[in-house]
Amino acid sequence: QVQLVESGGGLVQAGGSLRLSCAVSRSILSFLAMAWYRQAPGKQREEVAGITSGGSTNYADSVKGRFTISKDDAKNTVYLEMNNLKPEDTAVYSCQAVLFTTQRFTYWGRGTQVTVSS
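Residues numbered from 1 in each chain as written. Predicted model: local features only at pLDDT ≥ 70, side-chain atom pairs only at ≥ 80, totals over all residues. Heavy atoms only, no water.

Peer 1: Any chance you could explain the nonpolar core here in plain terms?
Peer 2: Among soluble globular proteins, nonpolar side chains are generally buried collectively. In terms of nonpolar packing, the biggest core is built from 31 residues, with L4, F31, M34, W36, L80, M82 and Y93 touching the most fellow members. When residues of this core are traced back to their parent elements, those giving at least two are β3 (18-24), β4 (33-39), β5 (46-52), β7 (67-72), β8 (77-82), β9 (91-100) and β11 (112-117). If one sorts the elements of this core by residue count, β9 sits on top with 5 residues. Those residues in contact with F31, other than ones at most four positions away along the chain, are V2, V24, R26, S53, A97, V98, L99 and Y107. (Core = buried A, V, L, I, M, F, W, Y, C linked by side-chain atoms within 4.5 Å. Buried < 20%, exposed > 50% of the residue type's maximum accessible area, 1.4 Å probe, protein only. Helix = DSSP H or I, 4+ residues; strand = E, 2+ residues; numbered from the N terminus. Contact = heavy atoms within 4.5 Å.)

Spelled out as structure tokens, the structure:
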């Protein structure tokens, strides 16, 4: 069973920074891709940033230039560096891992709360 555990959330003022971590219970090199999603109250979950096993990244337009996704293969950890945070970034941030062998498997962490005050 794959486990993903997020950490690093908290309360920060607008303009501040946070770094989220997602620790994975197995080698992240085995995953096709990993991503950070967020869900604000009353809104649909959205993908914030993704990274492939090869290191290619993609970002939602709303966070481009402010957020950076990265990974440390040796530590089996994926990070989300968030700068210049805005109140609209307030949400529960969750980590996703996608594994593809003969079929696709998707794994999720429980999430970490990020609250940005104005």
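Anyway, onward from the coordinates.
Peer 1: Whenever I open this one, the pattern of salt bridges confuses me. Can you help?
Peer 2: For side chains of opposite charge, pairing can occur when their charged atoms come near one another. Tallied over the full model, the rule gives 5 salt bridges. The salt bridge partner of E46 is R38, with a shortest N-O separation of 2.7 Å. With a relative accessible area of 32%, E46 lands in the partly exposed category. D73 is the salt-bridge partner of K71, the closest N and O atoms lying 2.7 Å from each other. Three or more residues joined by partner-sharing salt bridges are found here, namely R38, E46, R66 and D89. (Salt bridge = Lys/Arg side-chain N within 4 Å of Asp/Glu carboxyl O.)

Peer 1: Mind showing me how you'd approach the pairing of β9 here?
Peer 2: Each regular strand carries side chains that alternate between the two faces of the sheet. Extensive coverage of β9 is indicated by the burial of 8 of its 10 residues. Two strands pair when backbone bridges link them, and β4 and β9 are joined in this way by 7 bridges, in the antiparallel orientation. Paired with A33 across the strands is V98, a residue of β9. Sheet analysis places β9 next to β11, joined by 3 bridges and oriented antiparallel. Note that in β11 the partner of V92 across the bridge is Q113. Across 5 bridges, β9 lies against strand β10 (residues 104-108) in antiparallel orientation. For Q96, the partnering residue across the bridge sits in β10 and is W108. (Pairing = 2+ DSSP bridges.)

Peer 1: Where do I start with the sheet that holds β3 in this structure?
Peer 2: In a beta sheet, neighbouring strands are held together by backbone hydrogen bonds and run either parallel or antiparallel to one another. Across the sheet, 4 strands lie side by side as β1-β3-β8-β7; this open sheet has antiparallel pairing. This sheet does not close on itself; its edge strands, each paired only once, are β1 (4-7) and β7. With direction set aside, neighbouring strand axes in the sheet form an average angle of 15 degrees. With 6 bridges joining them, β7 and β8 adopt antiparallel strand pairing. In the strand pairing of β8, D72 is matched with T77. (Axes fitted to C-alpha atoms, helices over the stretch in contact; angles between N-to-C directions.)

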